[in-house]
Amino acid sequence: MKDRTFGWVQNPSDFQSLQHTVQIFDPESDHYARLRDQLVPSYIPNEGVRDSLQAKLNKGEAVFTYEELVGHSRDANNRPAKSRAVAVADALIQVSIPSQQAQTNNKYWTDNWTADGFLRWAVSLNFVQFDRDTDEYTISPLGTELAQVATEPARDEILKKAFLRYPPATRVLSILAGAAENGHPWKNKFEIGHELGFLGEPGFTSYNSSLMLGFLKQASTSKEVTTIRADVEGTADKYARMIAMWLIKVGFVETRSPKIAHRILGPVGGFMEYRITGAGLHAIRQAQGSSKNNRAAKFVMWEFFATTGKSRGYVRTRRARIVQLLMATPTKSFDRLVEQLHAESLTDDPAIITNDLCGLNHMGIRVYFVSGGSQGRQVQLRDTIQPFTIPTGQLTQSQGDKAREQLKAKFLAKTNLLPRYVELLDIAYDSKRNRDFEMVTAELFNFAYLLPAVHLGGVRKPDALVATKKFGIIVDTKAYANGYSRNANQADEMARYITENQKRDPKTNPNRWWDNFDARIPPNAYYFLWVSSFFTGQFDDQLSYTAHRTNTHGGALNVEQLLIGANMIQTGQLDRNKLPEYMQDKEITFGTI
């Protein structure tokens, strides 16, 4: 079986290229003829690849493998390309989509990464069908409709139909519909991303909107503003932005670009905001109508239910079985649902199942808890779902993932922390997610520790600051799989930040990051803090060294204690204003859970 990810799309947005992708599977389409007669002979230089594809097109075949559709990244000598610029075309979707610079560099094909995005999009909207056993693709009945329409209005009507059957698109529409009903109709990608997908796991991270606006205002140059606005976002935020773009094109959503006041640059463009239109509101109400017979049946696949992780097959199967069990009995006791899952060797803690149900709802499958009276809590599925299959042999969890899931279940069951904060238990161990660690930690201090925090990041700035009018903390986050040990360079970096804050000389550092501290903070009430997965070796020596060198006290928090502290503040067991008392130049321990 070939394990692919479908259901969540970050990159493609061009409807014509999507239609051309689907037309690859329709021998009667004009684009199929163009592939056969022009594109493949002209733009695929590798003779073996070209002849193989040409033979299939000459026979009018309509079943293609992933390799034939997406191809590789190879240069003219059929070696792995060192960059996209030197990669040549070797697949059908690649030559179906001209590069964005086609008119200037005569490159009439795209790269394999973009080709993969369009294939994923076509499968996710049920225009193309996927065979897991062979990794082959064919056109669906809905795809045949799209392939054969000749006008943009007719094409867009089919796309509207597809979007209303695609759960993440209906979720975005539902979020915006709810915002309109509450009198605050405009939402940016971060506000939508905070309510989209399986929050609390890798693959669905969202950054806080107010923190991102603060981050934008802290930028030092116009270039930095542009970079933050275009490139700094969580994965759920990317999905939100892309889906909103699709919905704008079919008239379901409209957009505006607000201006914000920048401390140096004056008015600058903020983050795009989105609002549902009358047509979008009517469409989502019709698609989710009260009558079961009138609802648009939603399309899902097993691959929709998780995007990353060593044990994603297991997670997909657990969530897919939840949906199938609810399809069979749309209103079911939660305890009975857990029993049925356990009987199928899906023996997860009920807290994990509860979190899955919340994630399914945020994915766009409407699942709600309802009162069951004497029967206890019940779960109700309010959508019609098209039947789908689950591959066998997907019940294995890695020991690391299983242990992490058990720890997450413990935090979900015994605290009131939001799943996106519990996700820090994953993020803190992934060095590729340093930005995520910075952003979510800053958000945690803001909304769980109830302490004002700002994310800084960037060149010659700390990762975050936490401050009241009585004290300030310089925060440095480190995401490491094997823990954070003593590091002379990083100790020097922290010492430099502390010294810059003490001297506050703009000649030393023109970005003046220290201006984010409250001016009323006493000079002896500043502290430093490292946050990481866990600390190894004699890390207290680094804390003592930094304190002695700068005459400033500090501490270190591992990710579990970071969350325990947040929960203790939420439950009234810890006074947020007493956090400085824990800055004793050693690793901080708040308690246990």
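This one's a predicted model, so the numbers in the text were calculated from it and none came from an experiment.

Draft legend 1. Local environment of the overall build of the chain. A tally of helices and strands in the chain yields 25 helices and 17 strands. Against the globule reference of 25 Å for 593 residues, the chain gives a C-alpha radius of gyration of 26 Å, in line with a compact fold. Considering only C-alpha atoms, the chain reaches an extent of 80 × 70 × 45 Å along its principal axes. Counting over 593 residues, the chain shows a buried share of 56%. Across the chain, contacts joining residues at least 24 apart in sequence account for 67% of those joining residues at least 6 apart. Taken as a whole, the chain presents about 25,600 Å² of accessible surface, with 46% of it coming from carbon and sulfur. Charge-centre separation for the chain: the mean point of 71 positive side chains lies 4 Å from the mean point of 64 negative side chains.

Draft legend 2. Spatial organisation of the packing of helix H16 (residues 312–328) against helix H17 (residues 334–343). Between H16 and H17, the shortest axis-to-axis distance is 11 Å and the interhelical angle comes to 125 degrees. Taken together, the axes of H16 and H17 are oblique relative to one another. The two elements H16 and H17 cross, and the hand of that crossing is right-handed. When H16 is examined against H17, the residues Arg318, Arg321, Ile322 and Leu325 are found in contact with a partner set consisting of Leu337, Gln340 and Leu341. Within the contact of H16 with H17, the residues separate by chemical class into 4 nonpolar, 1 polar and 2 charged.

Draft legend 3. A look at the packing of aromatic side chains. Counted under the stated rule, the structure contains 33 aromatic pairs. Between Phe445 and Tyr449, the aromatic rings sit 4.7 Å apart at their centres with planes inclined by 40 degrees, giving tilted as the arrangement. Comparing Phe445 with Tyr449, the two get one shared label, buried. A ring pair is formed by Phe535 and Phe539, whose centres lie 4.6 Å apart and whose planes are at 40 degrees; its orientation type is tilted.

Draft legend 4. Representation of the nonpolar core within the structure. Among the nonpolar cores identified, the biggest contains 103 residues, and Leu69, Phe127, Tyr137, Phe305, Leu357, Leu360 and Ile365 are the most heavily contacted of them. Judged by nonpolar contacts, the second largest core, of 79 residues, contains Ile352, Trp514, Trp530 and Val531.

Draft legend 5. How the structure looks around the pairing of strand E7 (residues 266–269). Direction of pairing for strand E6 (residues 259–262) relative to E7: antiparallel, over a ladder of 4 bridges. Its bridge partner being in E7, Ala261 is matched across the sheet by Pro267. Hairpin geometry of E6 and E7 is characterised by an intervening segment of 3 residues between the two adjacent antiparallel strands.

Draft legend 6. Seen up close, unusual backbone geometry. Positive phi is not limited to glycine here, since Ser345 has a value of about 70 degrees. As for its position among the elements, Ser345 is in the loop between H17 and helix H18 (350–363). We classify Ser345 as partly exposed; its relative accessible area is 46%. For Arg512, which is not a glycine, the phi torsion comes out positive at approximately 50 degrees. Overall, the relative accessible area of 34% leaves Arg512 in the partly exposed class.

Draft legend 7. How the structure looks around the environment of Val370. Inspection of the secondary structure assignment puts Val370 in strand E10 (residues 367–371). On the accessibility criterion, Val370 (19% relative accessible area) is buried. Separated by 14 residues in sequence, Val370 and Asp356 place their C-alpha atoms 16 Å apart. In contact with Val370, other than residues within four places in its own chain, are Arg377, Gln378, Gln380 and Arg382.

Draft legend 8. Quick peek at the side chain of Arg312. Here Arg312 is to be found in helix H16. Here Thr5 takes part through its side chain, which lies 2.7 Å from a polar atom of the side chain of Arg312. The contacts of Arg312, once residues within four sequence positions are left out, are Asp3, Thr5, Ala306 and Thr307.

Draft legend 9. Quick peek at the side chain of Gln288. Locating Gln288 in the fold gives a position in the loop between helix H15 (278–287) and H16. Not counting residues up to four positions away in its chain, the partners in contact with Gln288 are Thr170, Ser174, Arg295, Lys298 and Arg366.

Draft legend 10. Region of interest: the packing of helix H10 (residues 167–181) against H18. Between H10 and H18, whose axes approach to 7 Å, the crossing angle comes to 80 degrees. Judged by the angle between their axes, H10 and H18 are roughly perpendicular. Contact with H10, carried on its side by Pro167, Pro168 and Arg171, involves Asn361, His362 and Met363 of H18 and no other residues of that element. Of the residues in the contact of H10 with H18, the class split is 3 nonpolar, 2 polar and 1 charged.

Draft legend 11. Main features of the environment of Tyr239. Following the sequence through the fold, Tyr239 ends up in helix H14 (residues 235–249). If we ignore the near neighbours within four places in the chain, the residues touching Tyr239 are Trp8, Val9, Gln10, Leu196, Gly203, Phe204 and Thr307.

Draft legend 12. Up close: the sheet that holds E10. One open sheet accounts for 3 strands, arranged E9-E11-E10; its pairing is antiparallel. Both edges of this open sheet fall to strand E9 (331–333) and E10, since each of them pairs with a single strand only. Adjacent strand axes in the sheet meet at a mean angle of 30 degrees when their direction is disregarded. As paired strands, E10 and strand E11 (residues 377–381) are joined by 5 bridges and run antiparallel to one another. What sits directly across from Val367, in E11, is Leu381. Helix-sheet contacts for H18 involve E10 and E11, and the interaxial angle to E10 is about 125 degrees.

Draft legend 13. Representation of the pattern of salt bridges. Within the structure shown, the criterion is met by 41 salt bridges. A salt bridge links Asp356 to Arg318; its shortest N-O distance comes to 2.6 Å. Residue Asp356 is found in helix H18, and its partner Arg318 is found in helix H16; the two are separated by 38 residues along the sequence. Like Asp356, the residue Arg318 is buried in the burial classification. Here Glu423 ties to Arg433 by a salt bridge, and the two come within 2.7 Å at their closest N and O atoms. Of the two residues, Glu423 sits in the loop between helix H20 (419–422) and helix H21 (424–427) while Arg433 sits in the loop between H21 and helix H22 (434–447), which places them 10 residues apart along the sequence.

Thresholds, definitions, all that
Residues numbered from 1 in each chain as written. Predicted model: local features only at pLDDT ≥ 70, side-chain atom pairs only at ≥ 80, totals over all residues. Heavy atoms only, no water. Helix = DSSP H or I, 4+ residues; strand = E, 2+ residues; numbered from the N terminus. Rg over C-alpha atoms; globule rule 2.2 N^0.38 Å. Buried < 20%, exposed > 50% of the residue type's maximum accessible area, 1.4 Å probe, protein only. Contact = heavy atoms within 4.5 Å. Areas by Shrake-Rupley, 256 points an atom, 1.4 Å probe, with all protein chains shown as cover. Lys, Arg positive; Asp, Glu negative; His and termini not counted. Charge placed at Lys NZ, Arg CZ, Asp CG, Glu CD. Axes fitted to C-alpha atoms, helices over the stretch in contact; angles between N-to-C directions. Parallel < 35°, antiparallel > 145°, perpendicular 65-115°, else oblique. Left-handed = near helix turned anticlockwise from the far one by under 90°. Nonpolar A, V, L, I, M, F, W, Y, C, P; charged D, E, K, R; others polar. Phe/Tyr/Trp six-rings, centres within 6.5 Å; stacked < 30°, edge-to-face > 60°. Core = buried A, V, L, I, M, F, W, Y, C linked by side-chain atoms within 4.5 Å. Pairing = 2+ DSSP bridges. Polar contact = N/O pair within 3.5 Å; in protein donor to acceptor, adjacent residues only side chain to side chain. Salt bridge = Lys/Arg side-chain N within 4 Å of Asp/Glu carboxyl O.

Any functional reading would require information beyond the geometric quantities listed.
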